[in-house]
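Fold and geometry: a report
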Amino acid sequence: MLTPDYLLHCTDSLTELLNAYDNAVVADIARRIVKTGYVTETAKHQLRQAQQMGLLYEDIIREIAQRTNATDSMVRTLFEDAGVETVQTDNRLYTAAGLQPTDLRASPAMLQMLQAGYESTLSTMHNLTLTTANTAQQAYISACDLAMLQVQSGAMSYQQAIRAAIQSAASDGTRVLYPSGRTDRIEVAVRRAVLTGVAKTCRTIGEYNAASCGCDLMELSAHAGSRPSHAEWQGQLVSLSGKKGYLSKDDIGYGSGDGFGGYNCRHDWYPFFPGISQRNYSPEKLEQLENMTINYNGQEIPYYDATQEQRRLERAVRDCKLRLSATDAARQETKDPKLRAQLDEDFAKQSKALREARDKLADFQTGTGLLPDTSRTQVYGFGRSIAQKAVAAQKRVDKSGKGGIMKLGINLFDKSDPIFYDAFSIEEEPGFKDVFIHGSPSSVQIIKNGKPTNLTASEFASVLKENGYNGGDIRLASCLTGQGDNSFAQQLSKELGVTVKAPDADVYFIPNDGALFVGSPYGNTGEWRTFKNGVEVDD
């Protein structure tokens, strides 16, 4: 059996790799739109477009080839790990029932099922990825043709048309087109295919293992936020042979796309022996899971609806990053000063839009207690360089209450430290100046004359002033500086006579999201402690 949490996160690494591919293709389309440009003669336009279209196709195929070994290896590892996890979990239950189950590696039949599932899923993944070469070409052609028509009709200037084309390409770039006409982003389509393939294969292995051990009843797993049609049967007992008094495989839609084991289904099953096994889910527990709500801004929201809203907000962040990547690629490519100036303006506005999208997501996650899932907001081509440009651009257009430009914090990491650059992408907390430095409960550390040097609160106060600090409350982004009695942060707040906010555990930077967390790279498992003039206060 695989737990719902296992299935939720097993494809995260693969998703991140595909996000990098997505970003690379969108940026490539944007560059080629700029190279195609606009000429008055339709024939010349079509010739230039055809040349760039061919180069684009070659680039995409090259991008796919470069990533094939890595993605194939990830999927193989994912299947192997999931298969071992399924059999080991189920075999512990069989052993407890006095049976002698077979290990996965000693069963040719189960290994064959695992291999068949892997090969089938891999084929599906390759086909989905290859379709993006055609859809990306179509996105490029449509964007260029629309730009030409808009200029010819006088509806837009050349620069306006190119800018609109770039944003259209960012929205339509690497999409998978299904025979039904439906489209999905590549990472969404592949994640669904791989998750479904892994889960289906492991359920088949689990069913074979049950038959080998003479087990007819299987208990279904359950989780909060289950889609309504699955909530009806989760946590119940299923008879593999269809015995009366239990659910049958048909009752749970086993084998159908929208039933148990279908698309994106995170339910699994495990062996149940009457008189030996104990039910994992009581009727009261299942009712609690089905009716679970989250309080947000005074409203009770069904847990399922809350997770869907989080997915929507995560997509908004990703879309903003893709638009920024496309605009940045285009402005680096153009030789037209007027177009460059307008693309710079677009980049600044999009940077502000990214900040607002992140703020909405962070507000929702804070208000609901849902942990962030960075694999769903990450755009791996949206790296340190673009992140820094976006933060700087956003600060140029995001004025403070007094009308001044917001300032970056004080970064005291050594420039040879990779985290030095990450700090520039972290979003400031309103009312605080960020100070970045390595720390401990009793001191902070700088590199002085090439050697690590620990500083007391008094010594550090002088260093701050030497680096431009002239008063104001501080958020000390420094590991452990708020931990314990009479912590470093508490001493610093007394030394400076201001409010100092500091972590009681390690600090983790998520530069591509402009975020930092205490205690874990996945969310705040630690706490920020706040001190004012040497006394701890409520935040």
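Shown above is the structure to which this text applies.
Let me begin by describing the structure that accompanies this report. (Residues numbered from 1 in each chain as written. Predicted model: local features only at pLDDT ≥ 70, side-chain atom pairs only at ≥ 80, totals over all residues. Heavy atoms only, no water.)

**A closer look at the overall build of the chain**
Tallying secondary structure elements over the chain gives 14 helices and 18 strands in all. The buried share of the chain, taken over its 539 residues, is 50%. Taking as baseline every contact in the chain between residues at least 6 positions apart, the subset at least 24 positions apart corresponds to 72%. Element-wise, carbon and sulfur atoms account for 50% of the exposed surface of the chain, whose accessible area totals about 25100 Å². (Helix = DSSP H or I, 4+ residues; strand = E, 2+ residues; numbered from the N terminus. Buried < 20%, exposed > 50% of the residue type's maximum accessible area, 1.4 Å probe, protein only. Contact = heavy atoms within 4.5 Å. Areas by Shrake-Rupley, 256 points an atom, 1.4 Å probe, with all protein chains shown as cover.)

**Describing helix H13 (residues 457–466)**
The periodicity of an α-helix, 3.6 residues per turn, causes residues three or four places apart in sequence to face the same way. Those residues of H13 that sit buried are Ala457, Phe460, Ala461, Val463 and Leu464. One side of H13 holds all its buried residues, which, seen down the axis, span an arc of 165 degrees. Exposed side of H13, more than 90 degrees from the buried face: Lys465 and Glu466 are the residues found there. If you follow the buried residues of H13, they end up packed against strand S8 (410–411), strand S9 (433–436), strand S11 (444–448), strand S12 (451–455), strand S13 (474–477) and helix H14 (488–496). After H13 finishes, the residue glycine 468 shows a positive phi value of roughly 95 degrees. (Arc of directions from axis to C-beta.)

**So, the sheet that holds strand S3 (residues 217–220)**
Read from one edge to the other, the open sheet built from 3 strands follows the order S4-S3-S5, with strand pairing classed as antiparallel. Looking at the sheet topology across the chains shown, the edges are occupied by strand S4 (237–239) and strand S5 (269–272). Strand after strand, the sheet turns through a mean of 40 degrees between neighbouring axes, direction not considered. Strand direction decides the pairing type here: S3 and S4, joined by 3 bridges, are antiparallel. What sits directly across from leucine 217, in S4, is serine 239. (Pairing = 2+ DSSP bridges. Axes fitted to C-alpha atoms, helices over the stretch in contact; angles between N-to-C directions.)

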